[in-house]
Structure formats: structure tokens, C-alpha cells
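# Examining the three-dimensional arrangement
Listed here are the chains, written in short residue letters.
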Amino acid sequence: MNEQGHDTTIRVSDLMGSQVHTIDGLATAAEAMATMKRLEVSSLVVNRRHDDDELGVITVTDLAREVITRDRAPDRVNVYEIMSKPALTVRSGMLARYAARLLVRFGVSRALVVDDDGAPRGLVTLRDLVLGLTPE
């Protein structure tokens, strides 16, 4: 604990959600929406297309902003057109307080958690980080 009462050893891996739900970039927005609804999640990791590619993320915010509010047909929009890529990533071993700073700095609500080899291990949200760092 530091003088402010925060545990300075809490890592992203202690707070992240370990479920990684993926979708292909060629899938439609309608498929992404149906998958999110079925899985009761608000984001999906977009698979790499090849070894030199980067992971992406599609969120309900992306779908709302790029499909719903623009009155576009969800079955005519591909995930790759509206996803965020490359996804903001944090290492699972990163201290949670640094991950929170990073998310705030970039103005995002979530980050993809990767291991030291860059493989996806989960997602962490700003909510996870803030509540996880809140003293009992």
C-alpha cells in the first residue's frame, strides 16, 4: 500500500475479464450485433487476417455511431469498416494503475489484454480498473 491507501501491486491480470470473444473482420455488423446480444457482451475482438496483422476491437459504441445513427443497413456493413484497429493493448502483467492512466490518456473505456507474446488473454475496462483499485 502507498500513502494514499492504494495497493500498488495490483496487476491488469488481477482485474481483467478472461473471456475473449472474437469475430472475423469480414463478418457483417448484423452478425456482430447478434453475437454481442447472444453472448451478452459489449465488444468483440476482431481476429488477425495474417501473422503481420494486428488485432482489432468492435464495440456497441462503434455499431451505434457508424451503423445505427447513420441509418446504414447492418447486413451491408462489414466489421472491418467500423472497428478500431490496431486495438489498444495492455500487457497482463502491467500494473493496474498504469493501465488506468493509459485508458484515460487515450479516452477509451477498454483495452485488449495480451500476454508477452501478443496473444489475446482478455479485456479490461476502466470500470474494472477503477473499482479494482478502490480500497476496501
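The following refers to the structure shown. Only a predicted model underlies this, so the values are computations on that prediction, with no experimental measurement involved.

The next point concerns the layout of surface pockets. Over the atoms rolls a probe the size of a water molecule, and in doing so it shows where empty space is left. In this structure, the largest pocket spans a volume of roughly 290 Å³. Surrounding the largest pocket, 16 residues form its lining, T59, S84, V108, S109 and R110 being those nearest its centre. Elements represented by at least two residues in the lining of the largest pocket include exactly strand 3 (56-59), helix 3 (60-68) and strand 5 (110-114). Residues belonging to the lining of the largest pocket are distributed by class as follows: eight nonpolar, five polar and three charged. Along its surface, the second largest pocket is lined by G17, Q19, H21, V41, S42, S43, R110, L123, T125 and D128. Along the lines of polarity and charge, the residues of the lining of the second largest pocket split into two nonpolar, six polar and two charged.

V12, V90, A96, A99, V113, V124 and L129 are the most contacted members of the largest nonpolar core, which totals 16 residues. Core analysis: the next-biggest nonpolar cluster, separate from the first, contains 14 residues, M36, L44, V46 and M83 among them.

Where burial is concerned, the two faces of strand 2 (residues 43-46) agree: the one with S43 and V45 and the one with L44 and V46 are both buried. Of the pairings in the sheet, the one linking strand 1 (residues 22-23) to strand 2 comprises two bridges and is parallel in character. Bridged to I23 within strand 2 is V46. Where strand 2 lies against strand 3, four bridges are found, and the strand directions are antiparallel. When the bridges of strand 3 are listed, V45 appears paired with V57.

Reading the values: the criteria
- Residues numbered from 1 in each chain as written.
- Predicted model: local features only at pLDDT ≥ 70, side-chain atom pairs only at ≥ 80, totals over all residues.
- Heavy atoms only, no water.
- 1 Å grid on protein atoms, 1.4 Å probe; cavity = no way out; pocket = protein on both sides within 12 Å on 5 of 7 lines; lining within 4 Å.
- Points joined across faces, edges and corners; volume = space filled by probe spheres on them.
- Helix = DSSP H or I, 4+ residues; strand = E, 2+ residues; numbered from the N terminus.
- Nonpolar A, V, L, I, M, F, W, Y, C, P; charged D, E, K, R; others polar.
- Core = buried A, V, L, I, M, F, W, Y, C linked by side-chain atoms within 4.5 Å.
- Buried < 20%, exposed > 50% of the residue type's maximum accessible area, 1.4 Å probe, protein only.
- Pairing = 2+ DSSP bridges.

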